[in-house]
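Observations on the three-dimensional arrangement
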Amino acid sequence: MKVLVVYDSVFGNTEKVAQCVGEALEAQTLQVGDVKAEHLASLDALIVGSPTRAFSATPAIKSWLKSLSPGSLQGVKVAAFDTRMDVKEVNSRILTFFVKIFGYAAEPMATRLVKKGGAQAMPPAGFFVKGSEGPLKDGELERAAEWARQLLS
Ligand SMILES: Cc1cc2nc3c(=O)[nH]c(=O)nc-3n(C[C@H](O)[C@H](O)[C@H](O)COP(=O)(O)O)c2cc1C
């Protein structure tokens, strides 16, 4: 099975999750800027990860997803994940309110992957960092590997 994990990362947390997901699936793992057309040829599954920044994926991930041709993911299993902060920790009512309305990066990424023809293999997932820049909370890499392995079942 040819699986590709594409990610973006600012502080390195999403990169760690992407590497972990890649290892669990024996997949190639690439930073979004390094993805070339040949990496997408004959893919069985594509997993995309981004930090949540202002309730959304990074500009690089969003423009890359947008650049995929319509129908190009036909027959490809797809899934998306993000990293995010724990709003409960921040203890801000206004932030909690905005998060309820605008959410996180993973869901819109997953929607975009399906719009390009992909078949959603597992629900979008979010992995928590400590504070706003990380590191990842304890157990999140294990949770990410478990999430990824659903692709194989
Ligand atoms: C400018 C900025 C905006 C952020 N916006 C959000 C947000 O809207 N929701 C959220 O849960 N986390 C937010 N975060 C926390 C990021 O999700 C966190 O930095 C990220 O998960 C770290 O991943 P990375 O190390 O791969 O960059 C923000 C962080 C920064 C610095």
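Our subject in this report is the structure included herewith. If you're wondering where the values come from, they're calculated on a predicted model, not measured in any experiment.

**Describing helix H1 (residues 13-25)**
- For H1, with 13 residues, the first-to-last C-alpha span of 19 Å sits near the 18 Å given by 1.5 Å per residue.
- For H1, the full list of buried residues reads Asn13, Thr14, Lys16, Val17, Ala18, Cys20, Val21, Gly22 and Leu25.
- Of the surrounding elements, those touching the buried residues of H1 are strand S1 (3-7), strand S2 (28-31), strand S3 (45-51), strand S4 (77-85), strand S6 (125-129) and helix H6 (140-149).
- Looking one or two residues past H1, Glu26 carries a phi angle of roughly 50 degrees, positive in sign.

**A look at the site of the ligand**
- Neighbouring the ligand are 20 residues; Val10, Phe11, Asn13, Thr14 and Thr83 lie closest to it.
- Elements with a contribution of two residues or more to the shell around the ligand: H1 and S4.
- Here the residues of the shell around the ligand are counted per class, giving eight nonpolar, eight polar and four charged.

**Some thoughts on the packing of H1 against H6**
- At their nearest, the axes of H1 and H6 sit 9 Å apart, and the two run at 45 degrees to each other. Overall, the two elements H1 and H6 adopt an arrangement that is oblique. Judged by the sense of rotation from one axis to the other, the crossing of H1 with H6 is right-handed. Taken together, the residues of H6 that come into contact with H1 (itself represented by Lys16, Val17, Cys20, Val21, Ala24 and Leu25) are Leu141, Ala144, Ala145, Ala148 and Arg149.
- The residue inventory of the contact of H1 with H6, partitioned by class, reads nine nonpolar, no polar and two charged.

**A look at unusual backbone geometry**
- That bond from Gly134 to Pro135 is cis: its omega, 10 degrees, falls within 30 degrees of zero.
- Along the chain, Pro135 falls in the loop between S6 and H6.
- We note that Glu26 has phi near 50 degrees; this positive angle belongs to a residue other than glycine.
- With respect to the helices and strands, the residue Glu26 is situated in the loop between H1 and S2.
- Its identity as a non-glycine residue notwithstanding, Ser42 has a phi of 50 degrees, on the positive side.

**Examining the pairing of S2**
- Two strands pair when backbone bridges link them, and S1 and S2 are joined in this way by four bridges, in the parallel orientation. What sits directly across from Tyr7, in S2, is Gln31.
- Handedness of the β-α-β unit built from S1, H1 and S2 comes out right-handed.

**Details of the environment of Gly126**
- In this structure, Gly126 sits in strand S6.
- When the C-alpha atoms of Gly126 and Arg143 are compared, they prove to be 9.9 Å apart, with 17 residues separating the residues in sequence.
- Other than its neighbours up to four places away in sequence, Gly126 contacts Phe81, Asp82, Arg84, Tyr104 and Ala106.

**Some words on the pairing of S3**
- Counting buried residues in S3 gives seven out of seven residues, a clear majority hidden from the surface.
- By the alternation rule, side chains of S3 split into Ala45, Ile47, Gly49 and Pro51 and Leu46, Val48 and Ser50, which are all buried.
- The pairing of S1 with S3 spans five bridges and is classified as parallel. Along S3, the bridge assignment pairs Val6 with Val48.

Scoring rules and cut-offs
Residues numbered from 1 in each chain as written. Predicted model: local features only at pLDDT ≥ 70, side-chain atom pairs only at ≥ 80, totals over all residues. Helix = DSSP H or I, 4+ residues; strand = E, 2+ residues; numbered from the N terminus. Expected span 1.5 Å × (residues − 1). Buried ≥ 20, exposed ≤ 12 C-beta atoms within 10 Å, placed from the backbone. Contact = placed C-beta atoms within 7 Å. Near = placed C-beta within 6 Å. Nonpolar A, V, L, I, M, F, W, Y, C, P; charged D, E, K, R; others polar. Axes fitted to C-alpha atoms, helices over the stretch in contact; angles between N-to-C directions. Parallel < 35°, antiparallel > 145°, perpendicular 65-115°, else oblique. Left-handed = near helix turned anticlockwise from the far one by under 90°. Pairing = 2+ DSSP bridges. Right-handed = clockwise from strand over helix to strand, strands pointing away.

Function cannot be inferred from these measures alone, as they are strictly geometric.
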